[in-house]
Amino acid sequence: MRKALEGVRVVDMTHVQAGPVCTQLLAWMGADVIKIERPGGGDVTRSQLRDLPDVDSLYFTMLNGNKRSLTLNMKADEGKQVFSQLLERSDIVVENFGPGVMDRMGYTWERIQEINPQIIYASLKGFGPGALESAKAYENIAQATGGAMSTTGFEDGPPVVTGAQIGDSGNAVHLFGAICAALYQRTHTGRGQRVQISMRAGILNLCRVKLRDQQRLEHGPLAEYPNEEFGDFVPRSGNASGGGQPGWAVRCKPTTEKGANAWVYVVIQPQVWEPLMHKIGRPDLIENPDYATPEARLPHLQDIFDVIEQWTLTKTKWEAFGELNAINVPCGPVLSTKDLIEDEGLRAEGVVVDVDHPERGTYSTVGCPFTLSDSPVEIKRSPLLGEHSAEILEELLDLPEGELERLTAAGAV
Ligand code: COA
């Protein structure tokens, strides 16, 4: 069966997390993703956060599956010549270097278009035009500047970053969508185009509802928030949803000595109020005027979740989930990374996948989170540094006899 992006060639100039996650998605969809790496060390993540000596780290292997690796010195003339030829023969080039790096290499958008007017040139940076434009960015900087940190945590504590890598992996998904749209538009126009995203803009897109609340705040306190006092910006609201359906994380009976993550998240939809109160043994609250309607409950949400917690503390998180789910209460156990990596369901779904690697042995990775009925995804290992250099150059470029050896000796490949 053909894959969705079969026949599409991607020159992958990405590094660290945000860019590689995007190009891994393109590779899972069947594109031929050629990862260009500096000879010698390659993507810095190959050697960062190593769990085993002298083999590619999980940081690298989990973000670079299904790609081919070509080493190319972009600061050498020969390296640039090879790169220009690759651009001529490719559909997409993606990069997430610091500001100005591609231009300094000699590859402005104008130059890239000259080389191949059909190419889609996608860039991810920390910031768009403005005061922060020239700044480098990492995940937590994006979270700090895009609204996520300010709105995460408890009101009496400092701003907190989320564990989900919304700046890097989250924006990789934005970029993937944008590239696919540009690719589709090219089928009508025949032209490539420039695709750009700033991590901050992507985070703000994910913080959209907080900007909703910023504007609601101008008309009075946010009744759905647990906070008692409001300033002139949306406060951190702990584990409250702050949305149309109130929710909170309540403690459960610990199953281990440490008791970590013995929590279940519970949402009180109006239609489950009555069965929920029956379930936890508090039918007296059902008709109580302070609790009987969603509006009446708003000022008492913390009291209500405290009452629910008295019940959940007598159950493990899975027992609480089972009993509440059985009466249609929206809820979910708080699952740790250990819970998740051992989850049989996720493995059956293909979301957690084991992959064999020639140097590090078998490792678990996160597979493709979505499915296409006509484009099955086969999760393959990440490439070794320069593993496909010779193969790619021989396959794609018209190299004269001995040229590969010359390029290698010159340190260009
Ligand atoms: N051959 C030769 N040189 C290469 C090369 C290759 N194949 N690939 C990269 N380089 C060089 C570049 O030319 C550049 O050198 P220069 O500064 O002399 O021009 C350098 O390596 C890369 O620069 P930069 O991207 O600024 O790397 P950094 O390690 O200083 O900063 C980031 C890392 C992530 C902070 C920065 O790339 C950035 O802000 N990226 C955009 C936002 C982003 O993606 N952040 C999240 C990452 S998960």
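Conventions used here
Residues numbered from 1 in each chain as written. Predicted model: local features only at pLDDT ≥ 70, side-chain atom pairs only at ≥ 80, totals over all residues. Heavy atoms only, no water. Helix = DSSP H or I, 4+ residues; strand = E, 2+ residues; numbered from the N terminus. Contact = heavy atoms within 4.5 Å. Near = heavy atom within 4 Å. Polar contact = N/O pair within 3.5 Å; in protein donor to acceptor, adjacent residues only side chain to side chain. Areas by Shrake-Rupley, 256 points an atom, 1.4 Å probe, with all protein chains shown as cover. Nonpolar A, V, L, I, M, F, W, Y, C, P; charged D, E, K, R; others polar. Pairing = 2+ DSSP bridges. Axes fitted to C-alpha atoms, helices over the stretch in contact; angles between N-to-C directions.

So, about the environment of Thr-45. Mapped onto the fold, Thr-45 is located in the loop between β2 (32-37) and α2 (58-61). In this structure, the C-alpha to C-alpha distance between Thr-45 and Val-272, residues 227 residues apart in sequence, is 48 Å. Excluding its chain neighbours within four sequence positions, the residues that come into contact with Thr-45 are Val-16, Ser-57, Tyr-59 and Phe-60.

Turning our attention to the site of the ligand. In the vicinity of the ligand lie 24 residues, with Leu-72, Lys-75, Gly-98, Lys-136 and Ala-137 positioned nearest. A distance of 2.9 Å separates an oxygen atom of the ligand from a polar atom in the side chain of Asn-96. Taking Arg-104, its side chain carries an N or O atom lying 3.1 Å from an oxygen atom of the ligand. Surface burial for the ligand is 83%, taken as the share of its 940 Å² of free accessible area covered by protein chains. The residue makeup of the shell around the ligand, split by class, is 11 nonpolar, 6 polar and 7 charged.

Glancing now at the sheet that holds strand β7 (residues 247-251). Spatial ordering of the open sheet is given by β7-β8-β9, a layout of 3 strands whose pairing is antiparallel. The open sheet is flanked by β7 and β9 (331-333), the only strands paired with a single partner. For this sheet the average axis-to-axis angle between neighbouring strands, irrespective of direction, equals 20 degrees. Sheet topology note: the β7/strand β8 (residues 263-267) ladder contains 5 bridges and is antiparallel. From the neighbouring strand, Ala-249 faces β8, where its bridge partner is Tyr-265. The strands that helix α12 (residues 301-312) touches are β7 and β8; relative to β7, the one it contacts most, it runs at about 35 degrees. Along the sheet, helix α13 (residues 317-326) makes contact with β8 and β9, crossing β9 at roughly 160 degrees.

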